[in-house]
Amino acid sequence: MTKPIVQAVSPSAAPARQAEVHSLLDALIQKRLEEVAEIEQMVQRYERRVQKEEQAYRTMSALRKFLSGKKPDHHAAVEYIHYVKKPLEKARKLREEIARYESMKQNGEYIEE
């Protein structure tokens, strides 16, 4: 295998490079925060929709309840996993990633490729 090419950075270029990395990290953090907010908004919309459906079902007459039927419990569980549990897990991972970026920014540690 070949050895990676290592370029020496002049001392005057280091602050400029560090500022560039900081701005890139800030942009990445902002993007991840927007993704988290979007996921949380999606979960809230789903929960409101389910609550409205449940309320509408409870207000139906017995005959309409009999004719319309209710989702089986296992369907509701699968929907919950798909629309709530997995997105919130993704949001948690994104928050961990954001924390990692913040610590990189604070400590001045950067991954070089």
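Source: prediction; values computed, not measured.

**A look at the packing of aromatic side chains**
Here's step 1: Enumeration according to the criterion identifies one aromatic pair in this entry.
Here's step 2: Note on Tyr46 and Tyr83: the rings are 4.9 Å apart at their centroids and 15° apart in plane angle, and the pair reads as stacked. With Tyr46 in helix 1 (residues 13-59) and Tyr83 in helix 3 (residues 73-107), the pair connects residues that are 37 residues apart, well separated along the chain.

**Structural notes on the pattern of salt bridges**
Here's step 1: This model, assessed by the stated rule, comprises eleven salt bridges.
Here's step 2: Between Glu97 and Arg32 there is a salt bridge whose closest N-O contact spans 2.9 Å. With a gap of 65 residues between them, Glu97 in helix 3 and Arg32 in helix 1 connect regions that are remote in the sequence.

**Some words on helix 3**
Here's step 1: Its 35 residues give helix 3 an end-to-end C-alpha distance of 49 Å, which sits within 8% of 51 Å, the value for a rise of 1.5 Å per residue.
Here's step 2: Inspection of helix 3 places Val84, Pro87, Ala91, Leu94, Glu97, Ile98, Tyr101, Met104 and Lys105 among the buried residues, and these make up the whole buried set.
Here's step 3: At the exit of helix 3 stands Gly108, carrying a positive phi of roughly 75°.

**Some remarks on the confidence of the model for the protein chain**
Here's step 1: In the predicted model, the protein chain carries a mean pLDDT of 85, and the fraction of residues at 70 or more is 81%.
Here's step 2: The spread of mean pLDDT over the elements of the protein chain runs between helix 2 (residues 62-68), the lowest at 87, and helix 3, the highest at 94.
Here's step 3: Under a pLDDT of 50 for its full length, residues 6-10 has, in the predicted model, two contacts with residues more than four places off or in other chains.

Definitions and limits used
- Starting from 1, residues in each chain are numbered consecutively following that chain's sequence as written.
- Thresholds applied to this predicted model are a pLDDT of at least 70 for local features of residues and 80 or more for the giving and counting of side-chain atom pairs; totals over whole chains, interfaces and linings are not thresholded and use all residues.
- Just so you know, side-chain values use all the structure's heavy atoms and leave hydrogens and water out.
- For Phe, Tyr and Trp, rings pair up if their centres lie within 6.5 Å, where Trp contributes its six-membered ring, and each pair is then called stacked (planes under 30 degrees apart), edge-to-face (over 60) or tilted (otherwise).
- Put simply, DSSP marks the helices as runs of H or I at least four residues long and the strands as runs of E at least two long, and each gets a number from the N terminus on.
- By definition here, a salt bridge exists when the distance from a side-chain nitrogen of Lys or Arg to a carboxyl oxygen of Asp or Glu is within 4 Å.
- Each residue after the first adds 1.5 Å to the expected span of a helix.
- Each residue is placed in one exposure class: buried if its accessible area under a 1.4 Å probe, protein chains only, is under 20% of its type's maximum, exposed if it is over 50%, and partly exposed if it falls in between.
- The predictor attaches a confidence to each residue, called pLDDT, with possible values from 0 through 100.
- Here a residue-residue contact requires only that any non-hydrogen atoms of the pair lie within 4.5 Å.

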